[in-house]
Amino acid sequence: MFPDILEVQEKRVEERRLPALSNAVEGKVVTRFPPEPNGYPHIGHAKAAVIDETYARMYNGRLILRFDDTNPAKEQLDYYKAIKDGLDWLGVKPDLVKNSSDDMARFYGYAEQMISSGHAYACTCQPDVVKQNRSEGKECACRSLSPDEHLQRWRRMLDAQGYKMNEAFLRVKGDMQSLNTALRDPTLFRIIEAAHPLKDKKYRVWPTYDFAGPIEDSIDGVTHALRTKEYELRDALYFLILKTLGLRLPELIEFSRLELRGTTVSKRKLQPLIRDGLVEGWDDPRLPTLTALRRRGFLPEAVREFVLSLGVSKAESEPDWALLESVNRKMLDPLVRRYFFVPDPVRLEVAGAPEVKAILKLHPEKNFGERVIETRGAFYIPREDAEKLKQGDSLRLLGLYNVEIEHSLPASEEGLLLKGRYAGEDLREGLPKIQWVSADSYREFTVWVTLPLIVDNEFNKESLKIVKGFAEAACGDLKPDDKVQFIRFGFCRIDSPGLAILTHR
RNA sequence: GCUCCGGUGGUGUAGCCCGGAUAAGCAUACCGGCCUUUCGAGUCGGUGAUCGCGGGUUCGAAUCCCGCCCGGAGCACCA
């Protein structure tokens, strides 16, 4: 009884970890995650999606996944799928999936409504003139033409025989003198003739984010629209459009963008790395894409917990991977089996060693069973440890016995062999405890160790370290996607037979 | 340049809206003890922030007001 109550209370704390939403009604909250299908989802998307979902669940509301695909020049079919896959992996389950491009007819209807009521106008000025006028706060001649004239121009925009790209734009009548430059008659629609991945050539006039976003939020019943804070100046525009159209106003909430130290989520910076083959692809474990995080061995639950720990604050920050790693490590620790992996192996021969079957538990606390390794006095141990041992030193082979060093590694030569003598099984304080593989049974294994991708704003050529070594024979049975801890080395995910990726220490 | 938004220990975050409990909680990182399958986890303890700076209001300010400094964003036919 009593423990049950405690448990329930704990869970509640867990779920309510985000600050309360203003004007939120239990059961009525609707949030939305609106990615543009123009790239692979990364940890920044995860932050937004998880916050959106968490709020929806906190209030027993609904989450909408909306593809903001109103720029056919940028969207690609593959990315719709990549984003869905990323969310699946994260465990974000939208209650509704839709595309902005499905609502083109409504956008056109609202456009005409704004033109007719004199709140929008079709501008045929040259783009550089528009830019100039904006910076000087000047209105152009188009602005004062009659709504009828603008309706005609609008039709010529829609007509394939009419205006061409860049010849006309539908702009909102905002305030050309406003100190908030987002209000200086921004573009609502422009002509883009590229084929759309879902709609092909059906439309040639496409709404901008500024127009489509608020309308979609409003007509979809979104009560709380969250976005990153670079949109903050556009809040006024968002509400202006909805008020002009007489549509319901959602609450708008902004939070800071996620920037992880030592990497970048910028497509502009990532694309060249992939194009030039500096990284393996979008799932290269050095990248912050979701597919890369998965491949590196992060658990989706850890990613979720990590991004939630950052909260919805607008403060700029640059969290360290160590924060994510710590969460992941805690989750992985009770789940994964322990094995011995010897990086950069050096042979150790032990004189007078008995033949011993080492029985090693697969987990120090959990009942995961054990593996048995037959030993006959010949081992491999990590070079790094071997180099620290001097003649007369002792070490303990983990789970086996003690060894006294008789001949240490030659300092200058290759130093391939270390010789020692059996020194009993008793536990002695202060001995270095070292993992090993038997010289009679081991598998060659490679481990990829990732280091910061970006250093001083440039690609770090040393960002991937390839460590070769020997793993104990049992590791030959590991399957791709298995996660293990190589003792004294770190947590790893098996990528393919004989290849592991270090998730973190 | 103009406008807006930020600024709490190395890092992340809570507290700030509705000023008061020991002048700051938690996590991470770091250091040390315990634990002998670990340089992990767990556990115990420790170092570390005069809350960007300077004024003001107040009996009392991280919290309110003013000025300044620093950082970020916007000034797109991209979201």
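Draft legend 1. Structural view of the packing of aromatic side chains. Counting across every chain of the model gives 23 aromatic pairs. When the ring of Phe 107 is compared with that of Phe 211, the centres are 6.4 Å apart and the planes differ by 65°; the resulting orientation is edge-to-face. Here Phe 107, found in helix H4 (residues 104–116), pairs with Phe 211, found in helix H7 (residues 209–219); they are 104 residues apart in sequence, far enough to count as distant. Taken individually, Phe 107 and Phe 211 each receive the classification buried, so the pair is uniform in this respect. Three or more aromatic residues link up through ring pairs in this structure, and these residues are Phe 107, Tyr 108, Trp 154, Phe 189, Tyr 203, Trp 206 and Phe 211. The ring of Tyr 163 is capped by Arg 156, whose NZ or CZ atom sits 4.4 Å from the centre of that ring.

Draft legend 2. Spotlight on the pattern of salt bridges. By the definition in use, this model includes 43 salt bridges. Arg 261 is the partner of Asp 320 in a salt bridge, and the nearest nitrogen-oxygen pair spans 3.9 Å. With a gap of 59 residues between them, Asp 320 in the loop between helix H11 (300–309) and helix H12 (321–332) and Arg 261 in the loop between strand E9 (251–255) and helix H9 (267–275) connect regions that are remote in the sequence. Exposure remark for Asp 320: the relative accessible area of 31% places this residue in the partly exposed category.

Draft legend 3. Local environment of the nonpolar core. Ranked by internal contacts, the top residues of the largest apolar core, which has 45 residues, are Ile 43, Tyr 55, Leu 90, Leu 293, Val 303 and Leu 324. Of all elements in the fold, only helix H2 (43–58), strand E2 (62–67), helix H3 (77–90), E9, helix H10 (290–296), H11 and H12 reach the threshold of two or more residues within this core. Counting residues per element, this core draws most heavily on H2, at nine residues. For Leu 293, the contacting residues outside a window of four places in its chain are Ile 43, Trp 89, Leu 287, Pro 288, Phe 298, Val 303 and Trp 321. Among the nonpolar cores identified, the runner-up in size contains 38 residues, and Met 104, Ala 111, Leu 151 and Ile 241 belong to it.

Draft legend 4. Looking closely at the confidence of the model for chain A. The predicted model of chain A averages 93 in pLDDT, with 96% of residues at 70 or higher. For the stretch residues 1–15, pLDDT sits under 50, and the model shows two contacts to residues farther than four places along the chain or on other chains.

Draft legend 5. Spatial organisation of the state of the cysteines. Under the criterion given, the structure shown has zero disulfides. Cys 125 carries a free sulfur, and the closest cysteine sulfur to it, the one in Cys 123, is 3.6 Å from it. Of the cysteine sulfurs around Cys 142, a residue in no disulfide, the closest is that of Cys 125, at 3.9 Å.

Draft legend 6. Just the pairing of strand E8 (residues 224–228), in detail. Burial runs high along E8: five of the five residues are buried. Of the two faces of E8, the one carrying His 224, Leu 226 and Thr 228 and the one carrying Ala 225 and Arg 227 are both buried. Taking the sense of rotation as the criterion, the β-α-β connection linking E8, helix H8 (residues 235–245) and E9 turns out right-handed.

How each quantity is defined
- Residues numbered from 1 in each chain as written.
- Chains lettered and ligands numbered in written order.
- Predicted model: local features only at pLDDT ≥ 70, side-chain atom pairs only at ≥ 80, totals over all residues.
- Heavy atoms only, no water.
- Phe/Tyr/Trp six-rings, centres within 6.5 Å; stacked < 30°, edge-to-face > 60°.
- Helix = DSSP H or I, 4+ residues; strand = E, 2+ residues; numbered from the N terminus.
- Buried < 20%, exposed > 50% of the residue type's maximum accessible area, 1.4 Å probe, protein only.
- Lys NZ or Arg CZ within 6 Å of the ring centre and 35° of its normal.
- Salt bridge = Lys/Arg side-chain N within 4 Å of Asp/Glu carboxyl O.
- Core = buried A, V, L, I, M, F, W, Y, C linked by side-chain atoms within 4.5 Å.
- Contact = heavy atoms within 4.5 Å.
- pLDDT = per-residue confidence, 0-100.
- Disulfide = S-S within 2.5 Å.
- Right-handed = clockwise from strand over helix to strand, strands pointing away.

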